[in-house]
2 protein chains.
Amino acid sequence: MRGKRHDKPDNCMVEVAMEILGGRWKLAIVYKLLQGTHRFGELKREMDGITPRMLTRQLRELEEDGIVARTVYPEVPPRVEYSLTDTGRSLDTIVGLLDGWGRSYLDNHHPSAGPGRN
Amino acid sequence: MRGKRHDKPDNCMVEVAMEILGGRWKLAIVYKLLQGTHRFGELKREMDGITPRMLTRQLRELEEDGIVARTVYPEVPPRVEYSLTDTGRSLDTIVGLLDGWGRSYLDNHHPSAGPGRN
DNA sequence: CGGTATCCCTTCCGATACTG
DNA sequence: CAGTATCGGAAGGGATACCG
């Protein structure tokens, strides 16, 4: 999903969004940060199963793409806070709709009976 | 993005949507099909650079996930038409917003000057 | 606390050639 | 026309251990 950076002379710009948000934990992070600023450790604790390596990587990529802002406080012990940029906050509606869509998807395809190729 | 099928007892269902829509060509396909039913060859011609193998795979996965409906007409030469299910059409708003977001993202991060880690 | 470094496996996905 | 078969590279991402 990465590698070809947003070079889409295409008709449809959906893929641009996907290149930026397509990572395994990207939207989950944005979702958390929509609720407010978080420290590294907070995110790590609240995102079930993520390794520090992955959290760092995804945060750095979101930062480079202008979605997340990283603030380092020169204290001991170190404190680093992550928040959304304006661009990041502009994902509010979309993330909300995706969350709702996923929710109702799990309903309609009632997980009790659903096979779900696995 | 695939493999762990929609098993998210989590707080946020965004990842469910991502597992379904996260493929390289998935949303581009949905985007096309939102404009109406298409035949295999039509999609292939209109989606720049996609190989038949990839088109088949992504269509099949979308079908298994209940997004796309596949209709085979027993004719010679063969004709197969792809359209969206109700679930697929329910992505209309989201796809539109993602498209708009990608578009304005490319603007704000004016591609003329933007470095874009590559 | 907030990360890195290393290793390695899996999945994705593109190229190419072939088929009913 | 609408696919399949096979191959192989590359990116994504998890486990574990260590660092300033």
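Residues numbered from 1 in each chain as written. Chains lettered and ligands numbered in written order. Predicted model: local features only at pLDDT ≥ 70, side-chain atom pairs only at ≥ 80, totals over all residues. Heavy atoms only, no water.

1. Here's the deal with the overall build of chain A
Alright, step 1. Across its full length, chain A holds six helices and three strands.
Alright, step 2. Within chain A, the proportion of its 118 residues that are buried is 44%.
Alright, step 3. Sequence separation of 24 or more characterises 45% of the internal contacts of chain A that already satisfy a separation of 6 or more.
Alright, step 4. Accessible surface computed for chain A: about 6,000 Å², of which carbon and sulfur atoms make up 52%. (Helix = DSSP H or I, 4+ residues; strand = E, 2+ residues; numbered from the N terminus. Buried < 20%, exposed > 50% of the residue type's maximum accessible area, 1.4 Å probe, protein only. Contact = heavy atoms within 4.5 Å. Areas by Shrake-Rupley, 256 points an atom, 1.4 Å probe, with all protein chains shown as cover.)

2. Observations regarding the pairing of strand S2 (residues 68-73) of chain B
Alright, step 1. Judged from the six bridges that link them, S2 of chain B and strand S3 (residues 79-84) of chain B form a sheet pairing that is antiparallel. Along S3 of chain B, the bridge assignment pairs Tyr73 of chain B with Arg79 of chain B. (Pairing = 2+ DSSP bridges.)

3. A few points about the environment of Cys12 of chain A
Alright, step 1. Turning to its location among the elements, Cys12 of chain A is positioned in the segment before helix H1 (14-21).
Alright, step 2. Take Cys12 of chain A: its relative accessible area is 3%, and that puts it in the buried class.
Alright, step 3. Sequence separation of Cys12 of chain A and Tyr105 of chain A is 93 residues, and the distance between their C-alpha atoms is 24 Å.
Alright, step 4. Once residues lying within four places of it in the same chain are set aside, the contact partners of Cys12 of chain A are Tyr31 and Asp99 of chain B.

4. Re the pattern of salt bridges
Alright, step 1. What the rule picks out here adds up to 16 salt bridges over all chains.
Alright, step 2. Close ionic contact of Asp86 of chain A with Arg89 of chain A constitutes a salt bridge, the shortest N to O distance being 2.7 Å. With a gap of three residues between them, Asp86 of chain A and Arg89 of chain A both fall in helix H5 (residues 86-89), about one helical turn apart.
Alright, step 3. When its relative accessible area of 61% is taken as the criterion, Asp86 of chain A is described as exposed.
Alright, step 4. Given the relative accessible area of 44%, Arg89 of chain A is considered partly exposed.
Alright, step 5. The shortest N-O distance in the salt bridge between Arg57 of chain B and Glu61 of chain B comes to 3.8 Å. Here Glu61 of chain B and Arg57 of chain B lie together in helix H4 (residues 52-64), a separation of four residues that amounts to about one turn.
Alright, step 6. A relative accessible area of 40% means that Arg57 of chain B is categorised as partly exposed. (Salt bridge = Lys/Arg side-chain N within 4 Å of Asp/Glu carboxyl O.)

5. Overview of the confidence of the model for chain A
Alright, step 1. Of the residues in chain A, 83% have a pLDDT of 70 or more, and the chain-wide mean is 89.
Alright, step 2. Confidence drops under a pLDDT of 50 for residues 113-118 of chain A, and excluding neighbours within four residues, the segment shows eight contacts in the predicted structure. (pLDDT = per-residue confidence, 0-100.)

6. Quick look at the sheet that holds strand S3 (residues 79-84) of chain A
To summarise the sheet geometry, strands pair through backbone hydrogen bonds and adopt either a parallel or an antiparallel arrangement.
Residues and elements named next belong to chain A.
Alright, step 1. Strand order in the open sheet formed by three strands is S1-S3-S2, with antiparallel pairing between adjacent strands. Edge positions in the open sheet fall to strand S1 (38-39) and strand S2 (68-73), since each of these has one partner strand only.
Alright, step 2. By the bridge criterion, two bridges tie S1 to S3 in an arrangement that is antiparallel. Residue pairing across strands places Arg39 opposite Glu81, the latter belonging to S3.
Alright, step 3. Running over the sheet, helix H2 (residues 26-34) touches S1, S2 and S3 and is turned about 95° from S3.
Alright, step 4. Along the sheet, helix H4 (residues 52-64) makes contact with S2 and S3, crossing S2 at roughly 115°. (Axes fitted to C-alpha atoms, helices over the stretch in contact; angles between N-to-C directions.)

7. Some words on unusual backbone geometry
Alright, step 1. Look at the link from Val76 of chain A to Pro77 of chain A: it is a cis peptide, with omega at -5°.
Alright, step 2. Here Pro77 of chain A lies in the loop between S2 and S3.

8. Some words on H4 of chain A
All names here are of chain A.
Alright, step 1. Helix length check: H4 (13 residues) gives 18 Å between terminal C-alpha atoms against 18 Å at 1.5 Å per residue, within 8%.
Alright, step 2. Three or more residues of H4 are buried, namely Leu55, Gln58, Leu59, Glu61 and Leu62. For H4, the buried positions fall inside an angular range of 165° around the axis, keeping them on one side. (Expected span 1.5 Å × (residues − 1). Arc of directions from axis to C-beta.)

9. Regarding the sheet that holds strand S1 (residues 38-39) of chain B
Residues and elements named next belong to chain B.
Alright, step 1. One open sheet accounts for three strands, arranged S1-S3-S2; its pairing is antiparallel. Edge strands, defined here as strands with exactly one partner in the open sheet, are S1 and S2.
Alright, step 2. Docked against the sheet, helix H2 (residues 26-34) engages S1, S2 and S3, running at close to 95° with respect to S3.
Alright, step 3. Packed on one face of the sheet, H4 meets S2 and S3 and runs near 115° to S2.

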